[in-house]
Structures are given as C-alpha cells and as structure tokens.
Amino acid sequence: MSSHPKRYTVTAALPYTNGPIHIGHLAGVYIPADIYTRYLRAKGRSVAFICGSDEHGVAISLKAKKEGKTPQEIIDHFDGVIRASFEEFGIAFDNYSRTSRAVHYETAQEIFKILDSKGVFELNASEQLYDEAAQQFLADRFVTGTCPICQHPEAYGDQCESCGSSLNATELIAPKSTISGGKPSLKTTKHWYLPLDRYQDFIQKWILEGHKNDWKPNVYGQVKSWVDNGLQARAVTRDLDWGIPVPVEGGENKVLYVWFDAPIGYISSTKEWAAAQGIDWEPFWKSDDTQLVHFIGKDNIVFHCIIFPVILHATGDYILPENVPANEFLNLEGQKISTSKNWAVWLHEYLDDFPDQQDVLRYVLTANAPETKDNDFTWSEFQARNNSELVAIYGNFVNRVMVLTQKYYKGSVPPAQNLSDEDQAVLSAIKSFPGKLEKSLESYRFREASQELMQLARLGNKYLADAEPWKRIKNQPEQVEGILYSALQICAALAVLSEPFLPFTAKKLKSLLQLNPNLNWDDLAVSAVLIPSGHQIAAPELLFKKIEDEQIEAQRLKLQPQEKPENIAHETPLAAKKPDISFEQFEKMDFRVGTILSAEKVRKTNKLMQFSIALGEETRTIISGVAEHYSPEALVGKKVTVLTNLAARKIKGIESQGMLLLGENKDGKLIFVGPEDAHASSGSSIA
RNA sequence: CGCGAGGUAGAGCAGUGGUAGCUCGUCGGGCUCAUAACCCGAAGGUCGCAGGUUCGAGUCCUGCCCUCGCUACCA
C-alpha cells in the first residue's frame, strides 16, 4: 500500500445491446467494478472507469431481421435503456461510449491496419455457406436445418439447442438460410486470422509464470487450459454487412469480428473521455505506471486474457492488464438466467419496482457475489439481507444513535471530555476498519469487504447494548456524553466507508450528519475526531425500509414464465411443413416396433440417452435426446417406433444404429411415438 | 477416460497440515434507545464418496460421483 500505480484504467465488460441489463450482469461485472473504482477515488487515486455499448455482431443483425427492424434501431433502443438504467443505478462510469461511434471505428481500424502492416495476420481461405438470393455468406447463426444427431428441425449452424451437440454449419441436413429462406451453397471465402499459436510463449510467460499467485484460480485455470491445449489461429474478420469494415485491400464486404472490435472499445471510450476532459489518453493505455484492470464474467476470460492481450502486445506499445478478476455466474431461484425464457430480474424493472432502493440490490448482489463459484439469487434472500442486515443492523444502529442524540442533546454532538476505557476502545477500533476494507478491496474480495463494513455497524450495536446510555442518562449523564460522542464517530466512519458499496446511503447519511465534505477515507485511520463536539446533526430519518412479503411475492409471480398465447404463437410457430416426398421415398424407410431393454444417460451430456432396443432377434444401440424429459428407469420395457435403416452415426463416441420417433407436445416435452397395444411384437414392421 | 472451477452446519460463505469458523435462519434468555429492531447463549457439520501419505488431513496424493462453465439468446 506504500506504493501504488500513478493511475488506473478500469474497464467493465461492454454490455451487448441486444437486451437490457439484468442482475447477472450487475453481480458479475458492474457492481464489483463500480465498488473498486469508487474505492480508488475515495483514496484519491487517478482513475478512468471505462465502458460502453457493444453494438456489432451477428446476434444483433439476427434480432433486427427477426423483428423487421434495422440493426441501428435495435442498438439505439437498447443503448438508451442500458445507459439510463446504469445512470439511475449509480454505476459511475467516467465514460460510457458506443462501438458504433466514429472514434471507435477509427481506433479499431487503425489497430487492424497496424497489425496488418506488421504482418501479424495470416490470410486463409475456407468454404462457407453462401446465400445466393441475399448475396452474402452466412454466419453460423444465420443457418438453420435439421440436426444430424437428434433430428431437431431447427438446429443452428454452430450448435443444436435440442441435444446440445456442437455442429458445423455444413453438417446440417437440409440447411436453410434464415435471411432468404433459401438453400445455401458452398463458396470459398478468405479471412484474416490472428495466429494465437505464435504467441503461446508470450501468454505462457506473462500469465502462467507471472500471475500464478495473484490471479483468481478460475481465471488462471481457464487460461492454462487453453494454453495446454495449444492456441489456434482465430479468424478476426467476418462476411457480414453489420460491423466495422475491414480497412485493408481485399476487405470489401467484410467486417471485423465482433470480438476483435469490442475490447478495442475500451480504448476508444478512453479516447473519447480524455478528449472531453482535455487530457491525453495515451498514458491510460501505454504507460507502465498505469494499472489496467478488466472486470468481466467467466465467459469472457479467453477474450480478455488471451486474444485482446495478444492484440495489444502485437500492436506495440500497449500495457497489459494487471488483473482480470472474472466472476462466475449468478443463477436466479435455482435456474440459469435466460432472456428468452424471461427468467431474469431486469435492472430497469427493478428500478421501477423498488424506487430509491438501489443500494439494497447493490448490497445483496455484493454480499452474495459469485466470486469463487456460481451463486444463486433468491428473492427471499434479497428480503432477508435487506430486513435483517441493512435495516436491522446498519439502519437501526444509525437511527438509534441519532434518536438518542436528538433526545438528549437536541441533535448536537456531545462533548468528549469524559471518555471511558470502553469509549476509547471503540474509537481506536474505528481506525482499524479502513485498513481491513482496503486489504479486501485491493485483492478484489468485495463480498468480504461488504461484510467487514457490516461488522462496523455490528460493533456499534454491541457497544450501545453494553454501554446502555438510556439507563445511565438517569444517574451518570456525563458518561452518556462520551458514549454518544463515540457512537456518532462510528456513524461518521460508516458514512465514509459505505460510499463504494452503498453510494446512495452514504450520501444520505453524510447529509443527515451534516458531515464535513472534506472528511475522507484516509482520515479515518488517523484522525481522532470525525464529527466534532458541538456539531449539529439533522433530525433522524430512516436509511432503509423493510421489504414486505407482498413485495417479494409480487416479484416471484413476475418470474413465472408468462403465458402470452399471441407471443408464443408468434415466436414459436409450428415446425414448418417439409416439402412433399414421393411414396417411393417413404417406402425406403424401414419402421419397426422396438422394445427398450435398457436406458442410461450418456455421460457429459444433458440431453442424450443411450438405449438398447430389441427388434425381434436383433438388439441395437440407439442414442436419442430425451434425457431431460424422462428418467432411464421409467423407459425400460416401453414399446417404441424405430427407424431402423437410418445410416449409423457416432455420437459422443457411441454408434447410434437407428432413430426413435418422438413427438413434441405444446409444452415442449418430447413424447414417444409408440404402439400402445401390448400385442405389438418387437421387430414387426410398421407401414 | 477432453479441459477448467466448485462440492465445508437448513441457506450463503471463510478456512491449504496441528483442538472445524463467520453471516443469515432456528431455539432459549436479556434489554427497551431503536424500523417487533438490538445484545448474550444454545442446538445444528462422519468438511461429496473411497483409498493413500503423515505422529496428525477440510487442507497433500490417487480414483470415483455431482454441479457449473468452456458451447446457446448470457457476465
């Protein structure tokens, strides 16, 4: 702590503008980043807290096409929503930019050109699906078709969401362009590749050897896993019309890969901010006495620890992140947060439902932050943390002190002449808190820090309970002066130390105490007087209010996946009818009655189940994606319809020799198509 | 046998070789200044399972099981 960097550049992951912000984003990235930067400012450090909207990429153009809008309309809308909710929530960015702004185009293109001129890239040609009608290449997510594994009719080009298998777009049966609806063809295209393999040593030395002990295990382990498996060259351009044009010869009709341009957004946002401040941006990215920290979620580790650093390193004189404290994920009531299933708590809705209670959500998400593993957010915990910690411990302590001060001394801080040993002990205990908090905060342990803060309020409550000023006022009034004087010092310390965690509360408490605005973090450890005798404080006012069961119940109800028939009908139409086939084609298919002899889940998969099926004399192994709908035991003995002459295919190393016929009901549950009649015998043919 | 992280009281977490801890919840008591708040005490754990190393293992080694991620609208 004796020496610290001259300045800090702190980034928070750029939110992707195809949806609003939810509690997962807040807990994983924005709250920890905001706490960290508020703390640094409280210590008087020079900080640039940088963020912005990430507005390129396939998902946005897909969403735009699906909703019949332009990408620009989508990003303008969500940039507005996100920007406003961050502002109201108190995430105090120094600059919140957009990757669609000119400064970002220039910056990203310039870095691309530098890398190109240094000969860093490799150019490679490959075959990709091409939509003749739309005259463009199709990114994986622009192709749907029948999954070759589970026969799900709407698998994407990179993955089937039904069985979870990873796919190549070229493997899909009957691929279809989501743009024109037409059948794509194969066409050769070339792309610029960042040869990460050539930077293996660089990553090895920098992270695996240099940050073995100061980076979080999840981050370090993830990087190690990538490096141990051998880094691969990665294409950094795409054949799309939405994005930043590739600024070199041959780059016509191509754009930068969104993950190439997005992190550069940190740099362009810094430039934009510095220009507005009238200062030079370069020290924030190119000076060795700057500490760069990226706050991200665990899914971004590879981009921030490998790809972006390689870009910075290869470009030239940029510094590398000092730390990348990635958090794990937050679940909601035991389930993964999901936009499409509307399983989320949206920030803008929270702000409407709980006005002026930003700090409650900040506190709950900090106290239960997924720092070392995935954690669960529940509304009952939210209520409990508010009612039993913020209200009962913190708010109540402050209120007790203020009410007593009002009652006994008309709101004037009493004299400190007759301090007992206990009073002195409390006053010196206060001095130890800034150091404890700093230790936690400097090592990115925000959950621990928030609990240390709460300990200060606990200390206050215990002190009051032990000292019993309400009893002593009757016969030892001079001692009560010392007690309330000391208790008020705790309140003042709380006001200052709370600022990073509970900025709204800190502001309110400072105003209630009429605290000297010059009192700062570092004073707490040295100054004996935080709020002087004779100082007048305001009338008591509650800092937090109880959250009632009804409010929690209302939030829970909100979470129920809402049945909106018109929307569901619109969003999940019946599977499109397939083209007619001839009787001859149908006749080629050999359907038979099969009996399930055994069933077991396929290891390391969610949805796949391996069956042993009796077909008369013969027994076959068949894989089917039903594990989420049935337990293996329940299926043994069941009669099913089997397509027996489907070409065998290896799935997860197991050869599947046929296919089970399944239907899907309106809830999405898979139903076996099977002969109900117990007399249907195994192996008999179906026509 | 793909790789990474996690699996410690009802819940959330700390604890990396030396008598299992913290917060919330539960139960009992105290107090009454305070938002039925606060303070004290108690109950509650075979530290995922099985082996091994060690005088001694939650902590080190080996194997296995489970959860999450690497792979989707997600941070």
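Right above here is the structure, for reference.
What counts, and at which threshold
Residues numbered from 1 in each chain as written. Chains lettered and ligands numbered in written order. Predicted model: local features only at pLDDT ≥ 70, side-chain atom pairs only at ≥ 80, totals over all residues. Heavy atoms only, no water. Near = heavy atom within 4 Å. Polar contact = N/O pair within 3.5 Å; in protein donor to acceptor, adjacent residues only side chain to side chain. Helix = DSSP H or I, 4+ residues; strand = E, 2+ residues; numbered from the N terminus. Nonpolar A, V, L, I, M, F, W, Y, C, P; charged D, E, K, R; others polar. Axes fitted to C-alpha atoms, helices over the stretch in contact; angles between N-to-C directions. Parallel < 35°, antiparallel > 145°, perpendicular 65-115°, else oblique. Contact = heavy atoms within 4.5 Å. Buried < 20%, exposed > 50% of the residue type's maximum accessible area, 1.4 Å probe, protein only. Salt bridge = Lys/Arg side-chain N within 4 Å of Asp/Glu carboxyl O. Pairing = 2+ DSSP bridges.

**Brief notes about the protein's contact with RNA strand B**
- With respect to spatial proximity, 55 residues lie near RNA strand B, and among them Ser-225, Gly-297, Lys-336, Asp-374 and Asn-375 are the closest.
- Among the atoms of RNA strand B close to the protein, meaning within 4 Å, 75% are from sugar or phosphate groups.
- At a separation of 3.4 Å, a sugar or linking oxygen of RNA strand B approaches a polar side-chain atom of Glu-389.
- Residue Asn-399 places a side-chain N or O atom 3.3 Å away from a sugar or linking oxygen belonging to RNA strand B.
- The element contributing the most residues to the surface near RNA strand B is helix H12 (residues 379–409), with 12 residues.
- Residues of the surface near RNA strand B, tallied by class, amount to 17 nonpolar, 22 polar and 16 charged.

**Points about the packing of helix H7 (residues 258–277) against helix H9 (residues 301–315)**
- Two elements in contact, H7 and H9, have axes whose closest approach is 10 Å; the angle formed by their N-to-C orientations is 75°. When the axis of H7 is compared with that of H9, the two are roughly perpendicular. Between H7 and H9, the contacting residues are Trp-259, Phe-260, Pro-263, Ile-264, Tyr-266 and Ile-267 on the first element and Phe-303, His-304, Phe-308, Ile-311 and Leu-312 on the second.

**Quick look at unusual backbone geometry**
- Backbone geometry places Asp-356, a non-glycine residue, at a positive phi of 60°.
- Take Asp-356: it is sitting in the loop between helix H10 (347–353) and helix H11 (358–367).
- By relative accessible area, which is 74% here, Asp-356 ends up exposed.
- A positive phi is found at Tyr-444, a non-glycine position, where the angle reads about 60°.
- Following the sequence through the fold, Tyr-444 ends up in the loop between helix H13 (421–442) and helix H14 (446–467).
- Taking the relative accessible area as the measure of exposure, Tyr-444 reaches 10% and is therefore buried.

**Thoughts on the pattern of salt bridges**
- Within the structure shown, the criterion is met by 31 salt bridges.
- The partner of Arg-385 in a salt bridge is Glu-381, and the shortest N-O contact between them spans 2.9 Å. Of this pair, Arg-385 and Glu-381 both sit in helix H12, separated by four residues, roughly a single helical turn.
- What makes Arg-385 buried here is its relative accessible area of 17%.
- A single network of salt bridges, built from pairs that share partners, joins Glu-55, Asp-76, Asp-79, Arg-83 and Arg-98.

**Topic: the sheet that holds strand S3 (residues 95–98)**
- One open sheet holds the four strands; their spatial order is S3-S2-S1-S13, and the pairing between them is parallel. Looking at which strands have only one partner, the edges of the open sheet turn out to be S3 and strand S13 (290–295). Shown here is a sheet whose adjacent strand axes are inclined to one another by a mean of 20°, direction ignored.
- Where strand S1 (residues 7–12) meets S13, six bridges bridge the pair, whose relative direction is parallel. By the bridge assignment for S13, Ala-12 is matched with Phe-295.
- Against the sheet, helix H3 (residues 71–89) makes contact with strand S2 (46–53) and S3, and its axis sits at roughly 170° relative to S3, the strand it touches most.
- Against the sheet, H7 touches S1, S2, S3 and S13, its axis set at about 120° to S2.

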